[in-house]
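Each chain, letter by letter, is given below.
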Amino acid sequence: MIAVNTVYRPGFLSIEVNDGHLYGTPIDILRLSAPLILVALGMTLVIATGGIDLSVGSLCAISGAIACLHISTATDRNSPSTVLTALALAFGAALVLGAWNGLLVAVIGIQPIIATLILMVAGRGLAQLITEGQIITINSAPYRAIGLGHFLTLPLAIFIALAAALLVAAFTRRTALGLIVESVGGNAEASRLAGIRSGRVVFLVYVLSAACAAVAGFMITANVSSADGNAAGLWIELDAILAVVIGGTSLAGGRFSLGGTVLGALIIQTLTTTVYAMNISPQTSLLFKAVVVIAVCLIQSPAFRAKFRRRRSDRTPGPAAPQRKKEQVPA
Amino acid sequence: MRTRRTARTIIAAFATVLLTGGVAACGNSDTGDTGGGDDNIVLGFSQVGAESGWRTANTSSIKAAAAEASIELKFDDAQQKQENQIRAIRNFIQQKVDVIAFSPVVESGWDTVLKEAKDAGIPVILTDRAVDSADKTLYKTFLGSDFVKEGRLSGEWLVEHTRSATGPVNIVELQGTTGSAPANDRKKGFAEAISANPNLKIIASQSGDFTRAGGKQVMEQFLKANPDIDVLFAHNDDMGLGAVEAITAAGKTPGKDIVIVTIDAVKDGMQALADGKFNFIAECSPLLGPQLMDLVKKIHAGEQVPARIETEETTFTQEQAKEALPNRKY
């Protein structure tokens, strides 16, 4: 895809230094994919337990709305303490809502898709209630930095996303937590009998997912310095699920790949940016995206690859369904 | 047996809650009774919901205008659902209001309930959005913005503004939500107007979904793909505001290096215009309350009204924005 872009427009890969930091389309892709990477990370773990979290988009809107509202009512919008309080408030609210999801799924035993659907619909309303149906515009330099700031000439947002990815990776791959999550996803009852507190693990992944969504919400609202209860994080849950699936995590649970998820999120953002950069008409851009996603999924499908391989070499039939190697976590 | 009975009780309990909830919601209408004279007109109004700042301003304009005109207003919020709106209209018919007005949530499926209103002899006014009924006698008039005209006004200003330009003028366009009526119509009106000058060319056009984030993301790529953009035409203020951020980040000055023309005139947009970041806004006004009350009185008095009435709207340049800004209601 990057190759196609470069052929179409040689300037695609060019990066120049502008105003003391790097500037160019690849940088845009990195910066814009940061919220999606975060949401998709949380989603990966939820899906690994065999669940799904549809409420992340609404959570982005809520956390962004709370943070922006707090900053907009504060007297000194540029003081770091105001921004930190705003972030803490919004983050806390997101954790509570994540705990609510976890409660519904892990304790009460409602199907994840239904349990999180509640917050997906109601949360959007809640976000609009917080913003009173208006778009809150704020002018706060420290808050803007979350979405637009730079660190070592690269967007700060991508460092936040990568730090979160490494943190999650460290927790799940260096400790037994990852194994426990996979075992719960594989068979919750068997895990429980083996001495794992399945309920607690499931509860935790929903809280983590909400936390990731909250930070993504900060980035989305900081990027445009305004909170829009209606549009912030709209449909990001579906993009996140797509990123997770493209990354090779099974929707059935029991297996996950964090590196794959990060890659999946980058692919999706590259795709969106490509549509704009190549000026594909908006009427056909959705079809274009669908074709690319189908192609990516086909390339990943073991059955499809096996067939393709067999056709290429008639004499030496490939293995029926080659076991996909579990991707390594970037460390 | 027992479990089944319990289940039935629970279902019955739920049904009761739903029913009473429904009744409560219906009774929750705002009555702006100002206790006028004997000839008190009663207007039943069903609003789409409160989905945007534009809509909130629309609602308060209608409530304020009704109070001022001594018209008794029965206000219903449909919360973006057609079935709520149909139920509200049936309620208005039963209460024998004098006039019914509503902003249809969707375009189709109104024939039955409009026929009921017609049979009951209650005139209906559509506001802001149209319906696609083949039978035009089902409603008296449609009061709302002309999106094509908004696009045309933007285009005409641009043609005037670039009159002295000798070379080609490169325009990029940020469209609204793909397929929505305002996006289609504004695009059409603008294209018609700029065809007057062959130098004006739209070199790129993408959907920014009417949002700031969308406008910003698309504009970032426009700027990188096309080194010399002269003009940006955005289908609403919010996308324009997002684009301003992208233009600034690219090291250019919005309003100077790139001329920005938008539609809507919401508060943040007007502020940007007054600050010199935008160059021109064609208004899409939600303040149709006074016009609506005029119509209600005329129709109640049996006067004939035109089948299509446009909202009174204007356009703003930077100087006009500075003047108008302190008194803007939305």
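Rules behind the numbers
- Residues numbered from 1 in each chain as written.
- Chains lettered and ligands numbered in written order.
- Predicted model: local features only at pLDDT ≥ 70, side-chain atom pairs only at ≥ 80, totals over all residues.
- Heavy atoms only, no water.
- UniProt positions renumbered as here; feature names shortened; annotations may be inferred.
- pLDDT = per-residue confidence, 0-100.
- Helix = DSSP H or I, 4+ residues; strand = E, 2+ residues; numbered from the N terminus.
- Contact = heavy atoms within 4.5 Å.
- Buried area = accessible area lost by both parts, 1.4 Å probe.
- Salt bridge = Lys/Arg side-chain N within 4 Å of Asp/Glu carboxyl O.
- Polar contact = N/O pair within 3.5 Å; in protein donor to acceptor, adjacent residues only side chain to side chain.
- Nonpolar A, V, L, I, M, F, W, Y, C, P; charged D, E, K, R; others polar.
- 1 Å grid on protein atoms, 1.4 Å probe; cavity = no way out; pocket = protein on both sides within 12 Å on 5 of 7 lines; lining within 4 Å.
- Points joined across faces, edges and corners; volume = space filled by probe spheres on them.
- Patch = residues over 30% accessible without salt bridge, like charges linked within 9 Å, V, L, I, M, F, W, Y side chains within 5 Å.
- Areas by Shrake-Rupley, 256 points an atom, 1.4 Å probe, with all protein chains shown as cover.
- Pairing = 2+ DSSP bridges.
- Right-handed = clockwise from strand over helix to strand, strands pointing away.
- Buried < 20%, exposed > 50% of the residue type's maximum accessible area, 1.4 Å probe, protein only.

- As recorded in an unreviewed UniProt entry, chain B goes by the name Monosaccharide ABC transporter substrate-binding protein, CUT2 family, listed as coming from Micromonospora pattaloongensis.
- UniProt's Sequence similarities (unreviewed entry) comment on chain B is quoted here verbatim: "Belongs to the bacterial solute-binding protein 2 family."

- Within an unreviewed UniProt entry, the label attached to chain A reads Simple sugar transport system permease protein, and the organism entered is Micromonospora pattaloongensis.
- Recorded under Subcellular location (unreviewed entry), the UniProt text for chain A is reproduced unchanged: "Cell membrane".

**Observations regarding the confidence of the model for chain B**
Residue and element names in this part refer to chain B.
Right, on to step 1. Summing up the model confidence of chain B, the mean pLDDT is 86 and the portion of residues at 70 or higher is 87%.
Right, on to step 2. By mean pLDDT, strand β1 (residues 30-31) is the weakest element of chain B at 42, and strand β9 (residues 231-234) is the strongest at 97.
Right, on to step 3. Segment residues 15-38: pLDDT under 50, and 17 contacts once partners within four positions in sequence are set aside and those in other chains are kept.

**Structural notes on the interface of chain A and chain B**
Right, on to step 1. Residue-level contacts link 32 residues of chain A with 29 residues of chain B.
Right, on to step 2. On the chain A side of the contact with chain B, Tyr23(A), Tyr276(A) and Pro282(A) bury the most area, a combined 26% of that side's loss.
Right, on to step 3. In this structure, Arg31(A) engages Glu220(B) in a salt bridge whose closest nitrogen and oxygen atoms are separated by 2.5 Å.
Right, on to step 4. Inspection of the region where chain A meets chain B yields 11 residue pairs in polar contact (both at pLDDT 80 or more).
Right, on to step 5. A total of six residues in the side of chain A that touches chain B trace back to one element, the largest contributor, which is helix α12 (residues 258-277) of chain A.
Right, on to step 6. Partitioning the side of chain A that touches chain B into residue classes produces 11 nonpolar, 17 polar and four charged.

**Topic: empty space enclosed by the protein**
All names here are of chain B.
Right, on to step 1. Taken as a whole, this structure holds one cavity of 30 Å³ or more when the rule is applied.
Right, on to step 2. The space that makes up the largest cavity amounts to roughly 50 Å³.
Right, on to step 3. Along the walls of the largest cavity sit Lys149, Glu150, Leu153, Ala282, Glu283, Glu313 and Thr314, which together make up its complete lining.
Right, on to step 4. Secondary-structure elements contributing two or more residues to the lining of the largest cavity are α5 (147-161) and β11 (280-283).

**A closer look at a nonpolar patch on the surface**
Residues and elements named next belong to chain A.
Right, on to step 1. A cluster of nonpolar side chains, namely Trp100, Leu103, Val107, Ile108 and Ile118, defines an oily patch on the protein surface of about 460 Å² accessible area.
Right, on to step 2. The biggest single contributor to the nonpolar patch is helix α4 (residues 80-107), with three residues.
Right, on to step 3. Following the sequence through the fold, Val107 ends up in helix α4.

**Some words on the pairing of strand β8 (residues 200-207) of chain B**
Residue and element names in this part refer to chain B.
Right, on to step 1. Here seven bridges tie strand β7 (residues 169-175) to β8, and the two strands are oriented parallel to one another. Its bridge partner lying in β8, Ile171 is registered against Ile202.
Right, on to step 2. On the question of chirality, the crossover connecting β7 to the parallel β8 by way of helix α6 (residues 181-194) is right-handed.

**With respect to unusual backbone geometry**
Right, on to step 1. A positive phi angle, close to 65°, is found at Trp235(A), a residue other than glycine.
Right, on to step 2. In this structure, Trp235(A) sits in the loop between β6 (226-228) and α11 (236-246).
Right, on to step 3. In this model, Ser70(B) sits at a positive phi of 55°, which is unusual for a non-glycine residue.
Right, on to step 4. For Ser70(B), a relative accessible area of 34% corresponds to the partly exposed category.

**Considering the pattern of salt bridges**
Opposite charge on two side chains lets them pair, provided their charged atoms get close.
Right, on to step 1. Inspection of the entire model under this criterion finds 20 salt bridges over all chains.
Right, on to step 2. The closest approach of N and O atoms between Glu310(B) and Lys149(B), which form a salt bridge, is 3.1 Å. You can see Glu310(B) sitting in strand β12 (residues 308-310) and its partner Lys149(B) sitting in helix α5, a full 161 residues away along the chain.
Right, on to step 3. What makes Glu310(B) partly exposed here is its relative accessible area of 34%.
Right, on to step 4. A salt bridge links Arg212(B) to Asp268(B); the nearest nitrogen and oxygen atoms lie 2.8 Å apart. A residue pair is termed long-range when its members are at least 10 positions apart, and Arg212(B) in helix α7 (residues 212-225) and Asp268(B) in helix α9 (residues 267-274) qualify at 56 residues.
Right, on to step 5. Residues participating in the shared-partner salt-bridge network are Asp28(A), Arg31(A), Glu220(B) and Lys224(B).

**Focus on the pairing of strand β2 (residues 42-47) of chain B**
Along any regular strand, the residues point their side chains to alternate faces of the sheet.
All names here are of chain B.
Right, on to step 1. Most of β2 is tucked away, with six of its six residues classed as buried.
Right, on to step 2. Residue alternation in β2 divides its side chains into two sets, Val42, Gly44 and Ser46 and Leu43, Phe45 and Gln47, and both sets are buried.
Right, on to step 3. In the sheet, β2 pairs with strand β3 (residues 72-77) via six bridges, with the strands oriented parallel. From the neighbouring strand, Phe45 faces β3, where its bridge partner is Phe75.
Right, on to step 4. Bridge count between β2 and strand β4 (residues 99-102): four bridges; the pairing is parallel. Within β4, the position partnered with Gly44 by the bridge is Ile100.

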